Amino acid sequence: MTQDELKQQVAKAAIEYVKGESIIGVGTGSTVNFFIDLLEDIKGNIDAAVSSSIVTTKRLEKIGIRVIELSEVDQIGVYVDGADEVNPQKKMIKGGGGALTREKIVAAVSKKFVCIVDDSKCVDVMGKFPLPIEVIPMSRSYVARELVKMGGQPVWRENYRTDNGCEIIDVHNLNIMEPMELEKIINNIAGVVTVGLFALRDADVVLVGKGTNVITY
Ligand code: 5RP
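Caption draft 1: Fine view of empty space enclosed by the protein. Evaluated as defined, the whole model comprises one cavity of 30 Å³ or more. In terms of lining residues, the largest cavity is bounded by S52, S53, G98, A99, T101, R102, E134, T162, D163 and N164.

Caption draft 2: Region of interest: the layout of surface pockets. Reported here for the largest pocket is a volume of approximately 260 Å³. Per-element accounting of the lining of the largest pocket gives the leading share, three residues, to helix α4 (residues 100–109). Lining of the second largest pocket is provided by 15 residues; of these, T28, G29, S30, A83 and D84 occupy positions nearest its centre. Counting residues per element, the lining of the second largest pocket draws most heavily on helix α2 (residues 30–39), which supplies three residues.

Caption draft 3: Expanded view of the pairing of strand β2 (residues 48–51). By the alternation rule, side chains of β2 split into A48 and V50 and A49 and S51, which are all buried. Where strand β1 (residues 23–26) meets β2, four bridges bridge the pair, whose relative direction is parallel. Bridge pairing in β2 places V26 opposite S51. Taken together, β1, α2 and β2 constitute a β-α-β crossover, and its handedness is right-handed.

Caption draft 4: Representation of the side chain of E167 within the structure. With respect to the element layout, E167 can be found in strand β9 (residues 167–172). With relative accessibility at 5%, the residue E167 sits in the buried group. There is a polar contact of 3.1 Å between the side chain of E167 and the side chain of R161. If near-sequence neighbours (up to four positions away) are discounted, E167 is found in contact with I133, E134, V135, P137, R140, W156, Y160 and R161.

Caption draft 5: How the structure looks around the packing of aromatic side chains. The tally for this structure, following the rule as stated, stands at one aromatic pair. Plain terms: the ring middles of Y79 and F113 are 5.0 Å apart, the flat faces sit at 70 degrees to each other, and that makes the pair edge-to-face. A residue pair is termed long-range when its members are at least 10 positions apart, and Y79 in strand β3 (residues 76–81) and F113 in strand β6 (residues 110–118) qualify at 34 residues. Per residue, the accessibility class of Y79 equals that of F113, and both read buried. Sitting over the face of the ring of F198, K104 holds its NZ or CZ atom 5.0 Å from the ring centroid.

Caption draft 6: Summary view of the environment of I133. Mapped onto the elements of the fold, I133 is located in strand β7 (residues 131–135). Accessibility expressed as a relative area gives 0% for I133, which makes it buried. In sequence terms I133 and D170 are 37 residues apart; their C-alpha atoms lie 6.2 Å from each other. The contacts of I133, once residues within four sequence positions are left out, are L100, L147, E167, I168, I169, V171, I186, V192, T194 and V195.

Caption draft 7: Main features of the nonpolar core. In terms of nonpolar packing, the biggest core is built from 24 residues, with V18, V26, F35, L39, V80 and I116 touching the most fellow members. Contributions of two or more residues to this core are made by α1 (3–18), β1, α2, β3, β6 and β12 (205–210).

Caption draft 8: Spatial organisation of the site of the ligand. Not every one of the 17 residues close to the ligand is listed here, only the nearest: S30, T31, D84, G95 and K121. Taking K94, its side chain carries an N or O atom lying 2.9 Å from an oxygen atom of the ligand. The separation between an oxygen atom of the ligand and a polar main-chain atom of G98 is 3.4 Å. Contact with the protein chains hides 90% of the accessible area of the ligand, taken as 370 Å² for the molecule alone.

Caption draft 9: Representation of the state of the cysteines within the structure. Per the counting criterion, the structure on display carries zero disulfides. For the unlinked cysteine C115, the closest cysteine sulfur is that of C122, found at 8.2 Å.

Caption draft 10: Main features of the packing of α2 against helix α3 (residues 54–62). Running from amino to carboxyl end, α2 crosses α3 at an angle of 20 degrees, the nearest separation of the two axes being 9 Å. Classified by the interaxial angle, the pair formed by α2 and α3 is roughly parallel. The hand of the α2/α3 crossing is right-handed. Residues N33, I36, D37 and L39 of α2 lie in contact with α3, whose contacting residues are T56, R59 and L60. Of the residues contributing to the contact of α2 with α3, the split by class is three nonpolar, two polar and two charged.

Definitions and cut-offs
Starting afresh in each chain, residues are numbered from 1 along the sequence in its written order. For this predicted model, a pLDDT threshold of at least 70 governs which residues receive local features, and a threshold of 80 or more governs which side-chain atom pairs are given and counted, while totals over whole chains, interfaces and linings are taken from all residues. For the side-chain quantities, the full set of heavy atoms in the structure was used; hydrogens and water were omitted. Method remark: on a 1 Å grid restricted to protein atoms, a set of points is classed as a cavity if a 1.4 Å probe fits but cannot get out and as a pocket if it is open with protein on both sides within 12 Å along at least five of seven lines; lining residues have an atom within 4 Å of a point. Grid points are joined across faces, edges and corners, and a volume is the space filled by probe spheres set on the points. Going along the chain from the N terminus, every DSSP run of H or I of four or more residues is numbered as a helix, and every run of E of two or more is numbered as a strand. Three labels apply to residues, based on accessible area from a 1.4 Å probe with only protein chains included: buried if under 20% of the type maximum, exposed if over 50%, partly exposed otherwise in between. Here the rule is simple: two strands pair whenever DSSP picks up at least two bridges between them. Here, the term right-handed applies to a crossover whose path from the first strand over the helix to the second runs clockwise when the strands point away from the viewer. In the analysis that follows, any N or O atom pair within 3.5 Å is treated as a polar contact, provided that within protein one partner can donate a hydrogen and the other can accept it, and provided that, for residues neighboring in sequence, both atoms belong to side chains. Only heavy atoms matter for contacts: two residues are in contact if any of them lie within 4.5 Å across the pair. Centre distance within 6.5 Å is the pairing criterion for rings of Phe, Tyr and Trp, where only the six-membered ring of Trp is used; planes under 30 degrees apart are then read as stacked, over 60 as edge-to-face, and the remainder as tilted. The rule is short: NZ of Lys or CZ of Arg within 6 Å of the ring centre and within 35 degrees of the ring normal puts a charge over the ring. Think of a nonpolar core as a cluster: buried Ala, Val, Leu, Ile, Met, Phe, Trp, Tyr and Cys residues, connected wherever their side-chain atoms sit within 4.5 Å. Proximity criterion: a residue is near a molecule or strand once any of its heavy atoms comes within 4 Å of it. Accessible surface is estimated by sampling points in the Shrake-Rupley manner with a 1.4 Å probe; for residues, cover comes only from the protein chains shown. Two cysteine sulfurs form what is called a disulfide whenever their separation falls within 2.5 Å. Axis definition: a line fitted to C-alpha atoms, limited for helices to the stretch in contact. Angles are taken between N-to-C directions and run from 0 to 180 degrees. Orientation categories follow fixed angle ranges, with anything under 35 degrees roughly parallel, anything over 145 roughly antiparallel, 65 to 115 roughly perpendicular, and all other angles oblique. Crossing handedness is read from the near helix: turned anticlockwise from the far helix by less than a right angle, it gives a left-handed crossing, and turned clockwise, a right-handed one. Residues are grouped as follows: Ala, Val, Leu, Ile, Met, Phe, Trp, Tyr, Cys and Pro are nonpolar; Asp, Glu, Lys and Arg are charged; every other residue, Gly included, is polar.

What follows is the structure in structure tokens.
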């Protein structure tokens, strides 16, 4: 199976989790795009979606799904999103697509986080994928120096702005042994908007496309 077929397969499996939900949260990325395509078939059962990025909002609206502001709801039943890495404890690295801040906010408000990945994203120890960190532009060099002190190699995502008008630093060579601790430490650096470690609010369900199967854990 190709990687796209694996993504399609988990996207299909995720549809089962949103059946019966009137308001759903929708993440960002190529895996989620397959999920959005499949939502078209069940859109009559969905009142509205909360989106994690401008790109996702456009895709949802294009197929006729109403997108509402997060402030309009107290809670979202299910949030479906991809990941760049996920470990056996359901902790994730996210933000390869730059939508980490809104993704973290939507995840925080959601009762159930369903993470959809192909098996290339499954790791025992996170950190091979460069850890994305969204920062306030004026803090970029300072945050980068702090990350060097922690043993990382920060690389500025050049000519890139997030939906929030901020910048992203991708940190290479971090061996993430204590994801929850590291998430707190990086969050505490002045100028950091969001670190792409989703360890404190991790996934509730991970669906992995592997061969012709979808593994759930
Ligand atoms: C975007 C994300 C995505 O979920 C992550 O990058 C995975 O994307 P893809 O499904 O394209 O591999 O966190 O900010």
